[in-house]
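As a plain string of letters, each chain reads:
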Protein chains: 2
Amino acid sequence: MVRLADVARAAGVSTSTASRALSRPDMVAAETRERVAKAAAEMGFTLNATARALTTGHTGLVGVIVPTLANPFFPPIVTGVQESLTETGGNVLLGVSDRSEERERELAAQLGSRVDGLVLVAPVSGDATLRELAERLPVVTVDRTTPGLPGVVVDTPGGVRELMTHLLGLGHRHIAYLGGPPGSWMDRQRTRAARKAVEDGGGELTVLDPVPPQVDAGLAAAEHLVRRAERVTAVMAYSSYVLLGLLMGLRGAGLRVPEDISLAASDDLTVIGMTQPGSTALHVPLQEAGAAACRLVREAPHAGERPPRVRVPTRLVVRGSTAPPPEGR
Amino acid sequence: MVRLADVARAAGVSTSTASRALSRPDMVAAETRERVAKAAAEMGFTLNATARALTTGHTGLVGVIVPTLANPFFPPIVTGVQESLTETGGNVLLGVSDRSEERERELAAQLGSRVDGLVLVAPVSGDATLRELAERLPVVTVDRTTPGLPGVVVDTPGGVRELMTHLLGLGHRHIAYLGGPPGSWMDRQRTRAARKAVEDGGGELTVLDPVPPQVDAGLAAAEHLVRRAERVTAVMAYSSYVLLGLLMGLRGAGLRVPEDISLAASDDLTVIGMTQPGSTALHVPLQEAGAAACRLVREAPHAGERPPRVRVPTRLVVRGSTAPPPEGR
DNA sequence: CCGGTTGCGGCAACCGGTTGCAGGCAAGCT
DNA sequence: AGCTTGCCTGCAACCGGTTGCCGCAACCGG
């Protein structure tokens, strides 16, 4: 392994000069700089990032701890961080917590001494633990807030409102929300936002029983819906998978989408844009959320009295599954 | 930031002893060891991974470079590496190449000096570039082989054979393969394997025009299929999305799955297990592939004359979408 | 009772860079 | 011409651990 000292010798300068020639070019005469650069290139030299990190105190790495990569919700967040980091040559040090608090803590400890900051996505640890962690290095949470810590959240309530406004604008008055997962905090948020938006718009919201995020759940709900189809003219499903089931089930019962009934989802997995017709959905800008988190980490205001909060807006993607209700409804 | 020297002082020993007490416990008297451990715990001390890496020469990190995280194919591979690494307290340093050769090279250079080895997933760089890289640190490719380098590949041809054998065993004789993406090397592999398996089994394979991995493509193909439905009794689609389209399209045309026609896919995205009935598919053990790659990297035989190759077998998951053909076919 | 082991702990060099400080030199100023 | 100024460069300390080697003390057997 060729070291900086070797390059320096080859270029006939001291290691300090070689170091400066490579990392602070403006501090070195042009001619010297080029001699060093040439020698480095010829010898295939790269600065050793570890050694560099040791002296400078920062590594250029950001740790990202996610619950899992199996849920399509999380990879885009990682991508967002990575992308934002690329601008400055940084990289992502990944941790997967499997939603275990112990593992999360362990990962934070492991990564802590290698990174410039930590992005915790939907962390399971308690507020106190997180705050303690934040005393040692910059920490930002995503999709969760902790008093005293900077955080990034997606404005789902705002998005739900926009989606409902879209449906109301098309003329729908009887709208159903098929929510879930049962008992989830997020679901309550969505339900509340949906109800308020629909009622403010002069409509009526039917809140169906919450279901798990699976296609069968949508199929079952479709059956249930068919009976009340003469009243409900539009359905918002909270999950793309559920929407898929709904779509299949309603079709199976002979209903047309969107002519007889409109469908929309409050997330936007790839598959949903590929149905026929494409389904209207709430695009959740997870990648931007990741990038925002990365920026917050690097601005590194550690813990402050008014930690910065970023709320990233969703975007309504109108595809073919929503249309005005049938005549006379 | 509390350093080892501080702990040592608090415990009344030298830093060397403190170091050994923490990293090589058996070299130190039990009583001393405990005194150090206690001091470390009280002061909230953690060994600085960067400094440690500098002296020991290994970091405990493995770099994983993937083309993207947006394709559901790749995250499981990363998870596999991560999981295999967890056993020894290692972590994953992630790179996303966006399928750009330049970016890939850049990432390899950046990560190279921070990791103990590199897992390149479906790399786009040429063989020569990869071999050159492998001279500097252990490199393993996944889903691609390069002469002289260790690699992990998924045995898709073997899987396709198994899937076809399953269909033949059910009694199907006229089977169609709906492949793609057009022009892909992998598709040719699958086509060849499928043809051989079906013909060996006394059946007849219809190779449909390759399509892009999208639901609409499946819908369109379904229409096409309906006309020849009296001949073909089973279809293997190369992509879950395509299968989904097929399923919708065939149902729309009044055919029942699996009573009238059997469907199967040669990959196994989450959504496919959630159709009604669940779809038979070839489970591709991406996570195991990642874990295998990680093991290879750490055995670190660098480049050798007979670099180790791991071929991970697929697993046929029989769900409800395949059944014997209708009577008399 | 003595020399030889054995076990434990400390000294100091080292990993591969970075950086504060000071010296050397040439150009600029009076 | 003499002195200041400013630009480059080198010296050496340092980042935070690890580890080869040596010394010391206790313990062993003869």
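Residues numbered from 1 in each chain as written. Chains lettered and ligands numbered in written order. Predicted model: local features only at pLDDT ≥ 70, side-chain atom pairs only at ≥ 80, totals over all residues.

Looking at an unreviewed UniProt entry, chain A carries the name LacI family DNA-binding transcriptional regulator, with the source organism given as Streptomyces milbemycinicus.

Chemist: Tell me what's going on with unusual backbone geometry, and back it up with residues and numbers.
Modeler: A cis amide bond links Gly180 of chain A with the next residue in sequence, Pro181 of chain A, at an omega value of -10 degrees. Locating Pro181 of chain A in the fold gives a position in the loop between strand S6 (174-178) and helix H9 (185-200). One non-glycine residue, Arg99 of chain B, lies in positive phi territory at about 65 degrees. With respect to the element layout, Arg99 of chain B can be found in the loop between strand S2 (91-96) and helix H6 (101-112). (Helix = DSSP H or I, 4+ residues; strand = E, 2+ residues; numbered from the N terminus.)

Chemist: Which residues make up the interface of chain A and chain B, and what values go with them?
Modeler: Facing 38 residues of chain A, the contacting portion of chain B comprises 38 residues. Broken down by secondary-structure element, the contributors of at least two residues to the side of chain A that touches chain B are helix H4 (49-56), helix H5 (75-86), strand S2 (91-96), helix H6 (101-112), helix H10 (215-227) and helix H11 (240-252) of chain A. If one sorts the elements of the side of chain A that touches chain B by residue count, S2 of chain A sits on top with six residues. The residue makeup of the side of chain A that touches chain B, split by class, is 21 nonpolar, 15 polar and two charged. As paired strands, S2 of chain A and S2 of chain B are joined by three bridges and run antiparallel to one another. Looking across to S2 of chain B, one finds that Leu94 of chain A is bridged to Val92 of chain B. (Contact = placed C-beta atoms within 7 Å. Nonpolar A, V, L, I, M, F, W, Y, C, P; charged D, E, K, R; others polar. Pairing = 2+ DSSP bridges.)

Chemist: Explain the relation of the copies chain A and chain B residue by residue, including any values.
Modeler: Overlay of chain A on chain B (RMSD 0.1 Å): rotation 180 degrees, translation along the axis 0.0 Å. Viewed as a symmetry operation, the transformation between the two copies matches a two-fold axis. Using C-alpha coordinates, one finds that chain A approaches the rotation axis most closely at Leu93 of chain A, a distance of 2.2 Å. With an isologous cut-off of 70% or more, the 100% of interface residues of chain A that recur at the interface of chain B puts this contact in the isologous class. (Least-squares fit on C-alpha atoms with pLDDT ≥ 70 in both.)

Chemist: Please give an account of the protein's contact with DNA strand C that cites residues and values.
Modeler: Within the structure, DNA strand C sits among 24 residues, and Leu4, Ser16 and Ser19 of chain A together with Ser16 and Thr17 of chain B are positioned closest to it. Taken together, the elements giving at least two residues each to the surface near DNA strand C come down to helix H2 (15-23) and H4 of chain A together with helix H2 (15-23) and helix H4 (49-56) of chain B. Considering only residue class, the surface near DNA strand C consists of nine nonpolar, 12 polar and three charged. (Near = placed C-beta within 6 Å.)

Chemist: Now, about the pairing of S2 of chain A: what can you tell me, with residues and values included?
Modeler: On a regular strand, each side chain points to the face opposite its neighbour's, so the side chains alternate between the two faces of the sheet. All names here are of chain A. Burial analysis of S2 places six of its six residues in the buried class, the great majority of the element. Residues Asn91, Leu93 and Gly95 line one face of S2 and the alternating positions Val92, Leu94 and Val96 line the opposite face, and both faces are buried. Across six bridges, the pairing between strand S1 (residues 61-66) and S2 is parallel. For Val62, the partnering residue across the bridge sits in S2 and is Val92. As for the winding sense of the linkage, the β-α-β connection from S1 through H5 to S2 is right-handed. (Buried ≥ 20, exposed ≤ 12 C-beta atoms within 10 Å, placed from the backbone. Right-handed = clockwise from strand over helix to strand, strands pointing away.)

Chemist: I'd like a rundown of the sheet that holds strand S12 (residues 315-317) of chain B, residues and numbers included.
Modeler: Residue and element names in this part refer to chain B. As summarised here, the arrangement of the six strands in space is S7-S6-S8-S9-S10-S12, forming an open sheet in which the pairing is mixed. Two strands in the sheet have a free side with no partner beyond their single neighbour: strand S7 (204-208) and S12. Between one strand axis and the next, the sheet turns by 20 degrees as a mean value, whatever way the strands run. Both strand S6 (residues 174-178) and strand S8 (residues 234-237) contribute to a ladder of four bridges, which runs parallel. Looking at the pairing, Ala176 lines up with Val235 of S8. (Axes fitted to C-alpha atoms, helices over the stretch in contact; angles between N-to-C directions.)

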